[in-house]
Amino acid sequence: MATGASRVVAVLGPTNTGKTHYAIERMLGHRTGVIGLPLRLLAREVYDRIVAIRGPSVVALVTGEERIVPPRTQYWVCTVEAMPEGMGCDFVAIDEIQLCADPERGHVFTDRLLRARGLHETLFLGADTMRGPINALVPEAQFMQRERMSQLVYTGAKKITRMPPRSAIVGFSVESVYAIAELIRRQKGGAAVVMGALSPRTRNAQVALYQNGEVDYLVATDAIGMGLNLDIDHVAFSSLTKFDGRRMRPLAPNELAQIAGRAGRGMSNGTFGVTGEARPLDEGMAQAIMEHRFTPLRRLNWRNSDLKFASVEALIHALEIAPDREELTRAREADDLMALKSLSAVAEVAARASDAPSVRLLWDVCRIPDFRGISHSEHAGLLEVIFGHLHQRGTVPDDWLARQIRRIDRTDGDIDALSRRLAFIRTWTYVAQRKGWTGDESHWRDETRAVEDRVSDALHERLTQRFVDRRTSVLLRRLKQKEALLAEVNDKGEVTVEGEFVGRLEGFRFSPDKGAGGAEDKAIRAASLQALAPQFHLRADRFYNAPDTEIDYTEQGGLMWGDSAVGKLVAGSEPLKPQVQVFVDDVAGPEVAQKVQRRLQHFIDRKIAALFEPLLTLQRDEALTGLARGFAFRMVEGLGILPRAAVAQEVKDLDQDARGSLRKHGIRFGQFTVFMPLLLKPAPTRLRLVLWSLAGGLDEFPEAPPPGLVTVPAVKDAPEGYHAMCGYREAGERAIRIDMLERLADLLRVQDSRAGFEATPDMLSITGMTLEQFSGLMEGLGYRAERGEREKQRPVDAVVPEAAADPAEAPAVEDTPADLPEGADLIPDAGVAPEAETPAEPVPEAVAERIEDGQPSETELPIGAPADAAVEGPEIEVFYTFTWGRRTQQNARPKGQRTGKPKPQQGARPQGKGGKARGKQGKPPNKGGKTVSARPPRDDKKIDPDNPFAAALMGLRDNK
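For the structure given in this document, a descriptive report is provided here. (Residues numbered from 1 in each chain as written. Predicted model: local features only at pLDDT ≥ 70, side-chain atom pairs only at ≥ 80, totals over all residues. Heavy atoms only, no water.)

## Here's the deal with the sheet that holds strand 11 (residues 192-194)
Spatial ordering of the open sheet is given by 9-16-13-10-12-11, a layout of six strands whose pairing is parallel. The open sheet has two edge strands, strand 9 (152-157) and strand 11, and neither has a second partner. This sheet shows a mean twist of 20° between the axes of neighbouring strands, independent of strand direction. Summarising the sheet, strand 9 and strand 16 (residues 270-274) pair through four bridges and their orientation is parallel. Looking at strand 16, one finds that Leu 152 is bridged to Gly 270. The sheet strands contacting helix 6 (residues 200-211) are strand 10 (167-170), strand 11 and strand 12 (217-220), and the helix crosses strand 11 at an angle near 140°. (Pairing = 2+ DSSP bridges. Helix = DSSP H or I, 4+ residues; strand = E, 2+ residues; numbered from the N terminus. Axes fitted to C-alpha atoms, helices over the stretch in contact; angles between N-to-C directions. Contact = heavy atoms within 4.5 Å.)

Okay, here's the thing in structure tokens:
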């Protein structure tokens with residue numbers, strides 16, 4: 001320590017040279033000392049370091065919003081603006097002295113350069129660019145050059161997603177910082193956020209996340225360039241321009257170097273570069289930053305500190321005096337001078353500021369920073385109110401100050417809302433720190449500090465919630481440390497790794513939580529799947545031993561285990577032999593996949609064996625030979641259903657023995673379809689559609705109709721063969737179940753389709769249709785339906801009146817059929833289906849009397865007719881006459897077959913009168929003429945003994 005005259009030393013050099021550490025050591029070597037720092041955040045950091053060495057009883061912290069001054073203070077840690085004057089300390093130090101050139105705050109640093117001196121030692125710490133101005137303005141200063149302790153290397157541009165761990169990404173606006181932090185959260189698990197506007201409490205909490213390793217990335221403004229000591233390996237700039245309060249301007253090389261120099265602490269080397277959003281640095285600029293070569297500063301910002309308080313005008317004049325040194329330039333108009341000019345134009349303020357103490361008070365009020373960042377006029381309005389209270393009462397009223405603070409004392413809301421409250425409370429913290437401005441200084445300092453702490457904690461919590469995914473960061477850190485992760489899966493499939501919920505295990509596939517996409521999902525999958533490997537084996541064992549009742553298939557061919565999809569069906573070599581494709585994550589391993597595949601294959605094989613047992617038995621019957629075996633193959637190929645028109649020739653070629661052997665397997669040879677009735681049940685139908693869709697290579701599998709319906713609406717855009725596989729035949733707008741169609745065909749066979757016939761109640765009952773719907777069905781089957789109307793015949797009264805005017809008018813008993821049920825109509829209404837009938841309502845008593853008197857009921861009178869006018873009219877009914885029509889396209893024969901009317905084995909054919917078959921073209925069979933044929937006589941086919949009409953057929957043949 002120098003003795004005698006005060007020693008002035010300029011300690012210059014790049015970042016990471018230990019300048020601040022050197023100043024702290026020098027200050028603690030003196031009895032008293034004061035150090036001025038550029039940021040409140042840095043002041044708090046240095047304060048904590050000195051307190052750790054000397055204890056809190058001898059260390060003071062003084063900033064604009066914070067004042068901790070023990071009674072026995074020896075060492076003062078302050079922001080440059082808050083440095084006390086005239087204290088006569090042994091040691092004085094000013095950090096980041098190059099800020100003398102800053103357009104906003106430079107005049108304050110220049111004033112300390114010119115006027116702040118310690119009794120024994122004064123240090124100016126900063127960049128080497130200040131050597132010229134210091135040498136000119138402080139000629140007695142000595143210079144100490146310090147070299148960087150580690151190298152700084154430029155690495156070029158790199159995407160944010162590829163940033164190495166322990167990186168700091170720098171943005172120059174709040175919006176930019178938030179956007180980058182959000183991206184890193186999704187990609188890397190989270191980032192800490194540091195901005196100059198944060199309170200020390202929030203900033204320290206965020207830095208702790210980074211320093212403790214909970215996150216590997218820091219997103220910050222250029223505030224980190226001012227001496228904040230962090231363990232940063234790489235600094236990346238997201239932009240090379242910034243808004244300096246007046247305009248957007250490019251950053252100077254020395255400004256970039258100040259920020260980039262935060263990379264590499266102590267003896268560890270650091271790197272710097274840009275993100276993909278910023279243009280790469282010029283080679284010359286990058287080289288200058290690495291070699292710490294920058295253009296020396298020529299002129300420093302200056303504002304007169306010799307102020308005159310005789311009047312407001314005199315004060316303004318003193319503040320605007322120009323410097324008399326060429327190394328100095330007058331600072332641009334600062335916020336405090338702008339506020340002074342605005343308030344001096346207010347008549348009430350001008351009247352109050354009439355003497356020197358009032359002018360000094362007004363100037364002190366104008367120096368309250370605009371922490372809120374609101375408009376200049378609004379800030380001036382607040383200062384006017386504060387000045388009025390202070391000038392009139394001497395202090396700010398407690399009730400008024402309490403209301404201002406109470407509005408801010410809230411911890412709800414998002415990051416922006418809390419940030420605004422934090423900025424607002426800083427104003428009242430500043431007011432509470434001013435000596436004599438409040439009635440109870442200690443109370444209001446504690447009150448504002450408590451509110452700031454609460455809001456700061458809430459802001460830290462919101463920042464962490466938004467920009468830190470603890471789950472992902474924990475998993476990634478544990479993976480990086482090569483530690484085993486503990487995974488658990490509950491009965492709901494919820495997966496937790498190290499106690500953190502990470503997603504769900506759906507069957508044998510892991511579904512990450514949130515689904516944010518990008519690297520976050522990849523990170524979660526990587527950590528979770530590694531931990532889930534043992535769980536896959538446990539689950540595979542449980543699945544392999546699960547009963548078939550826990551497994552099912554969907555109509556789209558999916559295979560389900562409970563609510564989880566575990567595989568799907570794919571086409572095999574034969575329709576009845578589908579294969580299985582499993583849904584198993586690769587990390588589960590081939591052993592798990594094979595076990596799941598075997599279990600699913602067993603399930604579907606057993607399901608097919610149970611539901612298609614008749615078909616499989618037919619396929620395995622070795623007794624079938626020749627044409628019967630070939631037809632059995634066709635039935636298996638058609639999954640138990642074949643439209644008869646498609647196999648007409650094969651059916652015709654079968655003899656009675658062959659047909660009998662096939663009938664033993666449950667095959668029914670219908671007029672429209674050859675099918676196995678047992679396979680029309682809902683369960684086989686549902687599976688048949690899936691197997692048919694697989695064999696046909698359909699992209700989307702059609703669904704089966706609801707079970708139990710005789711007719712369903714026809715699906716017009718369905719794939720060819722769909723209705724047959726459902727067990728239906730398309731007929732017009734609807735499709736009818738094939739077994740019910742055969743029953744209908746039995747009824748149609750005995751009708752005279754040439755002369756025409758009407759629908760019987762049995763026909764309507766079979767189809768479950770109204771007469772109108774039945775006509776459409778018949779047209780779809782190839783019939784013509786002619787609509788007609790006629791007078792409806794009334795039923796004969798069952799009771800004969802006792803006194804008839806004329807015996808001849810009484811109905812004869814012989815006219816009623818003997819087998820007609822009592823009370824039945826003589827002419828049944830064939831146009832109404834039985835289920836559509838409704839019971840007759842009882843006849844009202846008054847109406848019955850009118851009928852007995854021979855008068856018509858009022859209900860029989862036309863609307864508008866007089867009550868005494870009896871209007872009688874016949875009741876009309878609708879009926880349809882059906883005749884055989886031209887074969888429709890859907891019933892057309894396949895190519896190569898003859899056209900004409902349906903053969904008996906192919907459908908309902910026209911009948912002659914009395915049900916006798918007619919010959920070709922509707923002509924009667926040839927009688928009398930001898931028929932000559934070139935073909936040899938055919939052997940009579942054997943009559944199938946299983947045919948229910950076998951006895952009758954034998955009798956006919958014997959009597960021919």
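## Brief notes about unusual backbone geometry
The phi dihedral of Asn 16 falls on the positive side, at around 60°, and the residue is not glycine. Mapped onto the fold, Asn 16 is located in the loop between strand 1 (7-12) and helix 1 (19-28). At Leu 639, a residue that is not glycine, the phi angle is positive and equals roughly 55°. If you trace the backbone, Leu 639 turns up in the loop between helix 21 (626-637) and strand 27 (641-643). Taking relative accessible area as the criterion, Leu 639 reaches 2% and is therefore assigned buried. (Buried < 20%, exposed > 50% of the residue type's maximum accessible area, 1.4 Å probe, protein only.)

## Quick notes on the environment of Asp 244
Looking at where Asp 244 falls in the secondary structure, it is placed in the loop between strand 14 (241-243) and strand 15 (248-250). Residues Asp 244 and Asp 102 lie 142 residues apart in sequence; the distance between their C-alpha atoms is 9.7 Å. In contact with Asp 244, not counting residues within four places along its chain, are Glu 104, Arg 249 and Arg 332.

## Points about the packing of helix 14 (residues 398-408) against helix 15 (residues 415-433)
Packed helix pairs are characterised by how far apart their axes lie and by the angle those axes make with each other. The contact between helix 14 and helix 15 brings their axes to 9 Å, and the two run at 160°. In terms of orientation, helix 14 lies roughly antiparallel with respect to helix 15. Here helix 14 runs over helix 15; the crossing is left-handed. Taking contact as the criterion, the partners of Trp 400, Leu 401, Gln 404, Ile 405 and Ile 408 in helix 14 are, on helix 15, Arg 421, Phe 424, Ile 425 and Trp 428. Taken together, the residues that form the contact of helix 14 with helix 15 break down as seven nonpolar, one polar and one charged. (Parallel < 35°, antiparallel > 145°, perpendicular 65-115°, else oblique. Left-handed = near helix turned anticlockwise from the far one by under 90°. Nonpolar A, V, L, I, M, F, W, Y, C, P; charged D, E, K, R; others polar.)

## A closer look at the sheet that holds strand 30 (residues 711-713)
Through backbone hydrogen bonds, the strands of a sheet pair up, either in parallel or in antiparallel fashion. Ordered in space as 30-32-31, the three strands form an open sheet in which the pairing is antiparallel. Strand pairing shows two members of the sheet lacking a second neighbour, strand 30 and strand 31 (728-731), which therefore form its edges. Neighbour to neighbour, the strand axes of the sheet diverge by 30° on average, direction disregarded. Where strand 31 and strand 32 (residues 734-737) come together, four bridges link them in antiparallel fashion. Looking across to strand 32, one finds that Arg 729 is bridged to Ile 736. Taken strand by strand, helix 26 (residues 738-749) contacts strand 31 and strand 32, and its axis lies near 85° from that of strand 32.

## Let's talk about a negative patch on the surface
A contiguous patch of negative charge on the surface is contributed by Asp 398, Asp 399, Asp 440 and Asp 446. If you trace the backbone, Asp 446 turns up in helix 16 (residues 441-467). (Patch = residues over 30% accessible without salt bridge, like charges linked within 9 Å, V, L, I, M, F, W, Y side chains within 5 Å. Areas by Shrake-Rupley, 256 points an atom, 1.4 Å probe, with all protein chains shown as cover. Salt bridge = Lys/Arg side-chain N within 4 Å of Asp/Glu carboxyl O. Lys, Arg positive; Asp, Glu negative; His and termini not counted. Charge placed at Lys NZ, Arg CZ, Asp CG, Glu CD.)

## Quick word on the pairing of strand 5 (residues 75-79)
Most of strand 5 sits inside the fold, with five of its five residues counted as buried. Of the strand pairs in this sheet, strand 2 (residues 33-37) and strand 5 are connected by five bridges, and their pairing is parallel. From the neighbouring strand, Gly 36 faces strand 5, where its bridge partner is Cys 78. When strand 3 (residues 59-62) meets strand 5, the two strands line up parallel, connected through four bridges. Across the sheet, the residue bridging to Leu 61 is Val 77, located in strand 5.

## Notes on the packing of aromatic side chains
The final tally for this structure, using the stated rule, is 13 aromatic pairs. When the ring of Phe 508 is compared with that of Trp 561, the centres are 6.0 Å apart and the planes differ by 15°; the resulting orientation is stacked. Separated by 53 residues along the polypeptide, Phe 508 in the loop between strand 21 (500-506) and strand 22 (509-512) and Trp 561 in strand 24 (residues 558-561) bring together distant segments of the chain. Given the relative accessible area of 0%, Phe 508 is considered buried. Measuring from ring centre to ring centre gives 4.8 Å for Tyr 783 and Trp 884, while their planes differ by 85°; the resulting arrangement is edge-to-face. Residue Tyr 783 is found in strand 33 (residues 783-791), and its partner Trp 884 is found in strand 34 (residues 876-884); the two are separated by 101 residues along the sequence. In this pair, the class of Tyr 783 matches that of Trp 884, namely buried. (Phe/Tyr/Trp six-rings, centres within 6.5 Å; stacked < 30°, edge-to-face > 60°.)

## Focus on the nonpolar core
If you look at the biggest cluster of nonpolar residues, it comprises 72 residues, and the most contacted ones within it are Phe 508, Leu 576, Phe 612, Leu 615, Phe 631, Met 635 and Leu 662. If we ignore the near neighbours within four places in the chain, the residues touching Phe 612 are Leu 576, Leu 639, Leu 679, Pro 684, Leu 687, Arg 688 and Leu 691. (Core = buried A, V, L, I, M, F, W, Y, C linked by side-chain atoms within 4.5 Å.)

## Observations regarding the pattern of salt bridges
The tally for this structure, following the rule as stated, stands at 51 salt bridges. Two residues, Arg 185 and Glu 182, come together in a salt bridge whose shortest N-O distance is 3.3 Å. Of the two residues, Arg 185 and Glu 182 are both situated in helix 5 (residues 174-188); the distance of three residues between them amounts to about one turn of the helix. We note a salt bridge from Glu 758 to Arg 790, for which the minimum N-O separation is 2.8 Å. Within this pair, whereas Glu 758 is found in the loop between helix 26 and helix 27 (761-767), its partner Arg 790 is found in strand 33, the two being separated by 32 residues in sequence. By sharing partners, the salt bridges in this structure join Arg 40, Arg 44, Asp 48, Glu 65, Glu 66, Arg 426, Arg 449 and Glu 452 into a single network.

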